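For reference, the chains in residue letters:
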Number of protein chains: 2
Amino acid sequence: MKFSKISNAIQKGSGQVELRGWIKRKRDLKGKIFLLLRDETGEIQCVCDSAKASSELFKECSHSTIESSVELYGTLHKDNRAPHGIELEIKGFKIVGLADVFPIQKDFSTEFLLDVRHLWLRSSKMRDALKVRATVFDAFRQFMKKKDCIEVAGPMFVTGMVEGSLTLFKVPYFGKKVFLTQSSQFYLEVLMYSLGNVYTIAPSFRAEKSKTTRHLTEFWHAEVELPWIGLDGVMDFEEELIKFITEKVIKERKKELKALGRNPKTLKPVISKKFKRMKYDEVLEIAREKFPYLKKGSDFGEKEERELTKSMDVPLFITHFPRSIKPFYHRPNPKNPAEILCNDLLAPEGYGEIIGSGERTWKVEVLLQRMKEDGIDPKPYQWYIDLRKYGSVPHSGFGLGLERLTAWYCKAKHIRDVVPFPRTINRVYP
Amino acid sequence: MKFSKISNAIQKGSGQVELRGWIKRKRDLKGKIFLLLRDETGEIQCVCDSAKASSELFKECSHSTIESSVELYGTLHKDNRAPHGIELEIKGFKIVGLADVFPIQKDFSTEFLLDVRHLWLRSSKMRDALKVRATVFDAFRQFMKKKDCIEVAGPMFVTGMVEGSLTLFKVPYFGKKVFLTQSSQFYLEVLMYSLGNVYTIAPSFRAEKSKTTRHLTEFWHAEVELPWIGLDGVMDFEEELIKFITEKVIKERKKELKALGRNPKTLKPVISKKFKRMKYDEVLEIAREKFPYLKKGSDFGEKEERELTKSMDVPLFITHFPRSIKPFYHRPNPKNPAEILCNDLLAPEGYGEIIGSGERTWKVEVLLQRMKEDGIDPKPYQWYIDLRKYGSVPHSGFGLGLERLTAWYCKAKHIRDVVPFPRTINRVYP
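Quick notes on the rules
Residues numbered from 1 in each chain as written. Chains lettered and ligands numbered in written order. Predicted model: local features only at pLDDT ≥ 70, side-chain atom pairs only at ≥ 80, totals over all residues. Heavy atoms only, no water. Helix = DSSP H or I, 4+ residues; strand = E, 2+ residues; numbered from the N terminus. Buried < 20%, exposed > 50% of the residue type's maximum accessible area, 1.4 Å probe, protein only. Contact = heavy atoms within 4.5 Å. Areas by Shrake-Rupley, 256 points an atom, 1.4 Å probe, with all protein chains shown as cover. Lys, Arg positive; Asp, Glu negative; His and termini not counted. Charge placed at Lys NZ, Arg CZ, Asp CG, Glu CD. Domains from an automatic or database assignment. Buried area = accessible area lost by both parts, 1.4 Å probe. Salt bridge = Lys/Arg side-chain N within 4 Å of Asp/Glu carboxyl O. Polar contact = N/O pair within 3.5 Å; in protein donor to acceptor, adjacent residues only side chain to side chain. Nonpolar A, V, L, I, M, F, W, Y, C, P; charged D, E, K, R; others polar. Pairing = 2+ DSSP bridges. Axes fitted to C-alpha atoms, helices over the stretch in contact; angles between N-to-C directions. Arc of directions from axis to C-beta. Least-squares fit on C-alpha atoms with pLDDT ≥ 70 in both. Disulfide = S-S within 2.5 Å. Parallel < 35°, antiparallel > 145°, perpendicular 65-115°, else oblique. Left-handed = near helix turned anticlockwise from the far one by under 90°. Patch = residues over 30% accessible without salt bridge, like charges linked within 9 Å, V, L, I, M, F, W, Y side chains within 5 Å. Phe/Tyr/Trp six-rings, centres within 6.5 Å; stacked < 30°, edge-to-face > 60°.

Q: I'm lost on the overall build of chain A in this one. Help?
A: Helix and strand counts for chain A come out as 14 helices and 18 strands. Across its three principal axes, chain A shows a C-alpha extent of roughly 85 × 55 × 45 Å. Counting every position in chain A, which comprises 430 residues, the buried fraction comes to 61%. A separation threshold of at least 6 residues defines the contact pool for chain A, and within that pool the share at least 24 residues apart is 67%. For chain A, the accessible area works out to roughly 17,600 Å², and carbon and sulfur atoms hold 51% of it. When the 74 positive and 57 negative side-chain charges of chain A are each reduced to one mean point, those points stand 2 Å apart.

Now the structure itself:
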């Protein structure tokens, strides 16, 4: 029986249950052994009383260790002193896998916990965060279904770059050199001409040398392309999406959010309030008060975004960035070609960028001009350029870092707190 | 308006509609221009009659080319001569993106179609196959939800191998050498101790040199790990899963299957009939009739699997392979250590292996012995070995090639016919 079903069982009067799980805590107290048993759904206190149990049963319970896997059965009693108010009196007990001395006790360094990540993932903190993560992924897909978006996938091995050569991983590939994808955007643009609204959730790779609390060398990237839609339309879509995911997460993961120190009520404004939409120039003006070194053409980094959003309670759209700081595929504003019809969406409470988005350049001559400005050889992009030659349409799209979104919901201090096996410049084990 | 909504519109008497799409075919006939317009939902014949239209309108229609994107409006009429029995009389017409001469006309080589994959994906054949693919992914996840499986993800950058060193991609990683993951299985085994039933759908990479109709260097791998479950249990789970996905695909993609040459009725036995379960030894006996060179310890390759399954109408489980041909993580049968508690699931009609599965070795001494037999250095696997030291439990799992499954449903001749951007030894463009 799963522990989450236990309170139902006790209410129905079915006092005897069989359980399987792992021992999270163990205490000997005046001839009684208290075992806190965990499974993926929760925890329950189990007790073996030497005054009542057979000596064999008591011995087997004594023999168990932290993180041993066990099978047991017994009777349930309400007990206000026990965690969750229920205690199981052990009638039968079997150690399935006896654990060696568990290396994680308490007060270990971050580095050590990363070394034993395979064991640290058993902590309730990681378990709860990963459950929120799963709900974020699921809610994203539910929204896509609602919007008639078809799931597709770009390749992981590619020959062009989307986000600049500095963060490319190169892979030796049967005598050729290929890259790991930085984004599936260009491939989604291809598929849009066949399937209409399309999306993918897939790994993207960035050889990030910067050590920040929000960058990893691989991350799960949700990407969407929408034909026949412009900047305002795609922002409406994104806002509706974030509201939808937030609502699902609050509804389905209340317990986990609370355990992680996030009061779900503090996320309610995200659902009820309209997101602010500000142009880059306005935001720059505000940011300059705190960071006078910023000037027109400066991008906002982690520090600036943290400051900008730390006292907000809903996400912020920043639109119309200068042409010089956005990649070639972004569409310049025909009314003011010095600015780009794009938006970044920043999470509140200091979390910063979760979405990069905008209209795509869809006229071939504009695209070639932009590539020239950026010094990009058009050859490997011939297929991408082709899309502008054969029935091009106005379109927009975006990329959402699902783990950054999860980190914000979970109030995580670091992105790795919501990623099972985070990869950074120094970390590929376990 | 999406074309799929048109027959509703005409039945409701709302004869005038606005449409957007791409020109799939164009014909001039006695002063009339016939345009077959496509979008992601279907096709509709549109006509501009010089006798009725203004000269400007007729000129704009004349000017359009194959694969040009257009916006138009007009009135709908029933017309039995038109494809799908409906014709639109064009009242207004605008070319959005005028297409150059479309390079794909007809009778092109496979290689050429791979070179212009970004355009070939617009064919109804690729569109339909990718829709089936999307439904397979979705149905898989729905089943996982039903079974309380939590979605997780292993890393793409790894330091150990799951499937042998010959097919490893090595990536230069900040001065270290790391591999691209061949399977997320070991990481799912970690997460099972925290989250119970777990699954992922993620890319796996194999540096496959063999040119077959079912191997790619990257593929989307659905993987599942289930604690407290044995070989029979995991086979029941797999059978229920395949039945569930098949039912969804038949229900939601009937039109696409038919268009691809698959009669959905031929898939019905998969839902209604129990899958056969045969031991390796039995299967070997049968296979020997056709392939006398096979002997105990031979594995079945593409050719043998094709022959074995070509006249079947439901998948076949092959169980209990010899120890010598299965990787170290498979659990030997305690009653007969020369055989392994594992199963492959083979799709019928010659498609062959879609699932590799089995119990995992969960005793540390057995695992170390198996690694020794295979000549594997335990060092990079220390974390995997740890799982057997800290509360190990019996468990099973499997990996399913979602694109192989899709290929079978679609009756595809080659796996690449259901993958948007297939990667092989010679192919990384577009």
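Q: Just to check I follow, could you spell out the domain arrangement of chain A for this structure?
A: Size of an interface: often given as the accessible area lost when the parts come together. All names here are of chain A. Here the domain parsing of chain A yields domain 1 (6-97) and domain 2 (115-418). Computed over C-alpha atoms, the centres of domain 1 and domain 2 are 47 Å apart. Facing the 7 residues of domain 1 at the interface are 5 residues of domain 2. Buried area between domain 1 and domain 2, summed over both chains or domains, comes out near 440 Å², and the portion from carbon and sulfur atoms is 29%. If you sort the residues of domain 1 by the area they bury against domain 2, R38, E40 and E67 come out on top, with a joint share of 57%. At the junction of domain 1 with domain 2, the criterion picks out 1 salt bridge. Note that R122 and E67 form a salt bridge whose closest N and O atoms lie 2.7 Å from each other. The tally of links between domain 1 and domain 2 comes to 3 residue pairs in polar contact (both at pLDDT 80 or more). If you list the elements that add at least two residues to the side of domain 1 that touches domain 2, you get strand 1 (16-29) and strand 2 (32-39). Each residue belonging to the side of domain 1 that touches domain 2 can be placed in one class, and the counts come to 1 nonpolar, 1 polar and 5 charged.

Q: Is there a simple way to think about the interface of chain A and chain B in this case?
A: Each partner contributes to the interface: chain A provides 93 residues, whereas chain B provides 93 residues. Of all residues in chain A, F174, W228 and Y390 of chain A bury the most surface against chain B, accounting for 11% of the area lost on that side. Where chain A packs against chain B, one counts 4 salt bridges. Residue R141 of chain A is joined to E151 of chain B by a salt bridge in which the shortest nitrogen-to-oxygen separation is 2.8 Å.

Q: I'm lost on the sheet that holds strand 3 (residues 42-49) of chain A in this one. Help?
A: Hydrogen bonds between backbone groups are what pair the strands of a sheet, and the pairing can be parallel or antiparallel. All names here are of chain A. Taken together, 5 strands build a closed barrel; the order of strands is 1-2-3-5-4 and the barrel is mixed. When strand polarity is set aside, the average angle formed by the axes of neighbouring strands in this sheet is 55°. Of the pairings in the sheet, the one linking strand 3 to strand 5 (residues 86-97) comprises 3 bridges and is parallel in character. Paired with V47 across the strands is E89, a residue of strand 5.

Q: Would you mind showing me how to read helix 11 (residues 302-309) of chain A here?
A: Think of an α-helix as 3.6 residues a turn; residues three or four steps apart then line up on the same face. Residues and elements named next belong to chain A. Within helix 11, the full set of buried residues consists of E302, E304, E305, L308 and T309. Buried residues of helix 11 fall within an arc of 165° about the axis and therefore sit on the same side. Residues of helix 11 that are buried sit in contact with helix 10 (280-290), strand 16 (342-347) and strand 17 (352-359).

Q: Explanation requested: the relation of the copies chain A and chain B in the structure shown.
A: Each of the two copies of the chain can be brought onto the other by a rotation about an axis and a shift along it. In screw terms, the move from chain A to chain B is a rotation of 180° and a rise of 0.0 Å along the axis, fitting with an RMSD of 0.0 Å. Here the two chains are linked by the operation of a two-fold rotation axis. The C-alpha atom lying nearest the rotation axis in chain A is that of V171 of chain A; the distance is 2.6 Å. Mapped onto chain B, 100% of the interface residues of chain A are again interface residues, and the two copies thus contact each other with one and the same surface.

Q: Where do I start with the state of the cysteines in this structure?
A: Two cysteines form a disulfide when their sulfur atoms are joined by a covalent bond. Inspection of every chain in the model, using the stated rule, returns 0 disulfides over all chains. With no disulfide of its own, C46 of chain A lies 8.9 Å from the sulfur of C61 of chain A, the closest cysteine sulfur.

Q: For this particular structure, what's the right way to read unusual backbone geometry?
A: Most peptide bonds are trans, and most residues other than glycine sit at a negative phi. A cis amide bond, omega -5°, links Y429 of chain A with the succeeding residue P430 of chain A. Locating P430 of chain A in the fold gives a position in the segment after helix 14 (402-409). Phi at K30 of chain A takes a positive value of approximately 50°, unusual for a residue other than glycine. With respect to the helices and strands, the residue K30 of chain A is situated in the loop between strand 1 and strand 2. The phi angle at E349 of chain B is positive, at roughly 60°, despite the residue not being glycine. Summarising the element assignment, E349 of chain B is placed in the loop between strand 16 (342-347) and strand 17 (352-359). Exposure remark for E349 of chain B: the relative accessible area of 23% places this residue in the partly exposed category.

Q: Explain the packing of helix 7 (residues 231-252) of chain B against helix 14 (residues 402-409) of chain B to me, please; I cannot follow it from the model alone.
A: When two helices pack together, their arrangement is given by the angle between their axes and by how far apart the axes lie. Residues and elements named next belong to chain B. Interaxial distance between helix 7 and helix 14 falls to 12 Å at its minimum, and their mutual angle equals 50°. One element, helix 7, and the other, helix 14, form an angle in the oblique class. Note that helix 7 runs across helix 14; the crossing there is right-handed. Touching I242, I245, T246 and V249 of helix 7 are L405, W408 and Y409, all from helix 14. Residue composition of the contact of helix 7 with helix 14, grouped by class: 6 nonpolar, 1 polar and no charged.

Q: Would you take a moment to explain the sheet that holds strand 12 (residues 276-279) of chain A for this structure?
A: All names here are of chain A. Pairing is mixed across the open sheet formed by 8 strands, whose spatial order is 6-10-11-18-17-16-13-12. Every interior strand has two partners, whereas the edge strands, strand 6 (150-151) and strand 12, have only one. Of the pairings in the sheet, the one linking strand 13 (residues 316-319) to strand 16 comprises 4 bridges and is antiparallel in character. Note that in strand 16 the partner of I318 across the bridge is D344. Relative to the sheet, helix 5 (residues 124-146) contacts strand 10 (198-205), strand 11 (218-227) and strand 18 (395-401), its axis offset from that of strand 10 by approximately 145°.

Q: Can you walk me through a positive patch on the surface in this structure?
A: Residues and elements named next belong to chain A. Taken together, the side chains of K254, K258, K265 and K268 make up a positively charged region of the molecular surface. One can find K268 in helix 9 (residues 268-272). Judged by its relative accessible area of 45%, K268 falls in the partly exposed class.

Q: Looking at this model, I keep getting lost on the pattern of salt bridges. Mind explaining?
A: Between side chains of opposite charge, a pair can form when the charged atoms approach closely. Residues and elements named next belong to chain A. Under the defined criterion, the tally for this structure stands at 68 salt bridges over all chains. As a salt-bridge pair, E349 and R262 come within 2.8 Å of each other at their nearest N and O atoms. With E349 in the loop between strand 16 and strand 17 and R262 in the loop between helix 8 (254-259) and helix 9, this pair connects stretches of sequence that are 87 residues apart. With a closest N to O distance of 3.1 Å, D313 and K273 form a salt bridge. Taken together, the positions of D313 in the loop between helix 11 and strand 13 and K273 in the loop between helix 9 and strand 12 put the pair 40 residues apart, joining distant regions of the chain. On the basis of relative accessibility, which here comes to 38%, the residue K273 falls in the partly exposed class. One connected set of salt bridges, linked through shared partners, spans D236, E239, K243, K274 and R277.

Q: I would appreciate a short explanation of the packing of aromatic side chains in the present structure.
A: Note on aromatic pairs: each is described by the distance of the centres and the angle between the planes. Per the counting criterion, the structure on display carries 62 aromatic pairs over all chains. Taking 6.4 Å as the distance between ring centres and 85° as the angle between the ring planes, the aromatic pair formed by F328 of chain A and Y384 of chain A counts as edge-to-face. With a gap of 56 residues between them, F328 of chain A in the loop between strand 13 and strand 14 (332-333) and Y384 of chain A in helix 13 (residues 382-386) connect regions that are remote in the sequence. Residue F328 of chain A shares its accessibility class with Y384 of chain A, and that shared class is buried. Centroid distance F328 of chain B to Y381 of chain B: 5.6 Å. Interplanar angle 70°. Geometry classified as edge-to-face. With F328 of chain B in the loop between strand 13 (316-319) and strand 14 (332-333) and Y381 of chain B in the loop between helix 12 (364-373) and helix 13 (382-386), this residue pair connects regions lying 53 residues apart in the sequence.

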